[in-house]
Amino acid sequence: MPKIRMAQYGTKHGHARGKLQAMLGNPNVEVAGVFEPDTERRTQLQADGSGFSDVHFYANASEMLGDDTIVAVASEGSNAESLDQTEQIVNAGKHVWYDKPAGENWEQWQGVIKTAQEKSLHVQMGYMLRYHSSFRQVTDWARSGFLGHVFSVRAHMSTNVSEDARVRISQHVGGIFFDLGGHVLDQVVWMLGRPEKVTSFLRNDGGSVEPFKDNTLTVYEFENAMAFISISALEPRPMARRFEVYGTEGSAIIVEPFEPGYNIRLCLEKAKEGYAQGEQIVKIDGESRQRTYELELEAFLATLAGEQPPDRPLSHELLVQETLLRATGVI
């Protein structure tokens, strides 16, 4: 594979540093540079030796977006910036490796995808769990019918965030659910499709930074299934994160911690495909968070090179965001 010139737009997303390191470490990528619109932050990053100090920083966005040798851009602005920045990238005719979520303007996001389709551009969302071997195994079992009819999915993905982070996230409807919920919804709708009904409980139970929604539960109803996602910003460390899929012929639970996810509790009604009847622990190699970023990038590059179709169609990227915004009440 010939080297692909890539750049990065923004640095304020929580995954920005890791995504840059993935690009710098990939032998098929030449990192052309980074544009950070906040000059104060740019100066800080260039000075603190945190991984950004050795890369070229563009003086303005047009210098980066107008460079025809740059084929693709990692969109790593904050959640409040990233959709506008991604729109600029697509309008400039460049593929996008876009970190989640896709903003709060549903019409704008639909327009970005329409433009990408018209320009034959690849847009890949940065949901790292779709590249995690434990999640891939569980979703493959669910989609293939190995677990029978999947009637229930339960996920818990809480965190604990600082006061500064709560202030920043509070500008988004849905609070901590808007910030993290897409990771799990990416899995749920890949297995079950578009929910018929969404019911949300978005609360402020921590008593600070009202109206920051710091304790959330969302329920998704499908024709013959339900899914439950709970996300809080209040949980003491180390957080308990779980992912559970229940079918009529078996269940699969990623034993916490689900990153790196070394163990899956599989329970089967009958022995099949080399697995025993009843309960067993399936060992998985698992991946670090940084490794999942690298796997994301490898898939992105393979699609650009024509070596594989996208792991998720653009219709799926739209569906995840629509479901997220339905849960937060934006649409």
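Please refer to the structure higher up on the page.
Source: prediction; values computed, not measured.

Looking now at the overall build of the protein. A tally of helices and strands in the protein yields 10 helices and 13 strands. The C-alpha atoms of the protein give 20 Å as radius of gyration, which agrees with the globular expectation for 331 residues (20 Å, within 12%). The C-alpha extent of the protein, read off along each of the three principal axes, is 60 × 50 × 40 Å. Put simply, 70% of the contacts in the protein that link residues at least 6 apart link residues at least 24 apart. Carbon together with sulfur atoms contributes 47% to the accessible area of the protein, which is approximately 13,700 Å² in total. Computed over 32 positive and 45 negative side-chain charges, the inter-centroid distance for the protein is 3 Å.

A regular strand carries its side chains on alternate faces of the sheet. Burial along strand β3 (residues 72–75) is two-sided: A72 and A74 and V73 and S75, pointing in opposite directions, are all buried. In this sheet, β3 lies alongside strand β1 (residues 4–9) in parallel orientation, the contact comprising four bridges. Residue pairing in the sheet places A7 in a bridge with V73 of β3. Here β3 runs beside strand β4 (residues 95–98); their pairing, made up of four bridges, is parallel.

Strands sit in the order β2-β1-β3-β4-β5 across an open sheet of five strands; the sheet is parallel. One side of each edge strand has no neighbouring strand; the edge strands of this open sheet are β2 (29–35) and β5 (123–125). The mean inter-strand angle of the sheet, taken between neighbouring strand axes irrespective of direction, is 20°. Where helix α1 (residues 16–25) meets the sheet, it contacts β1, β2, β3 and β4, and its direction lies at approximately 165° from that of β1. Running at roughly 165° to β4, helix α9 (residues 289–304) makes contact with β1, β2, β3, β4 and β5 of the sheet.

Conventions we followed
- Residues numbered from 1 in each chain as written.
- Predicted model: local features only at pLDDT ≥ 70, side-chain atom pairs only at ≥ 80, totals over all residues.
- Heavy atoms only, no water.
- Helix = DSSP H or I, 4+ residues; strand = E, 2+ residues; numbered from the N terminus.
- Rg over C-alpha atoms; globule rule 2.2 N^0.38 Å.
- Contact = heavy atoms within 4.5 Å.
- Areas by Shrake-Rupley, 256 points an atom, 1.4 Å probe, with all protein chains shown as cover.
- Lys, Arg positive; Asp, Glu negative; His and termini not counted.
- Charge placed at Lys NZ, Arg CZ, Asp CG, Glu CD.
- Buried < 20%, exposed > 50% of the residue type's maximum accessible area, 1.4 Å probe, protein only.
- Pairing = 2+ DSSP bridges.
- Axes fitted to C-alpha atoms, helices over the stretch in contact; angles between N-to-C directions.

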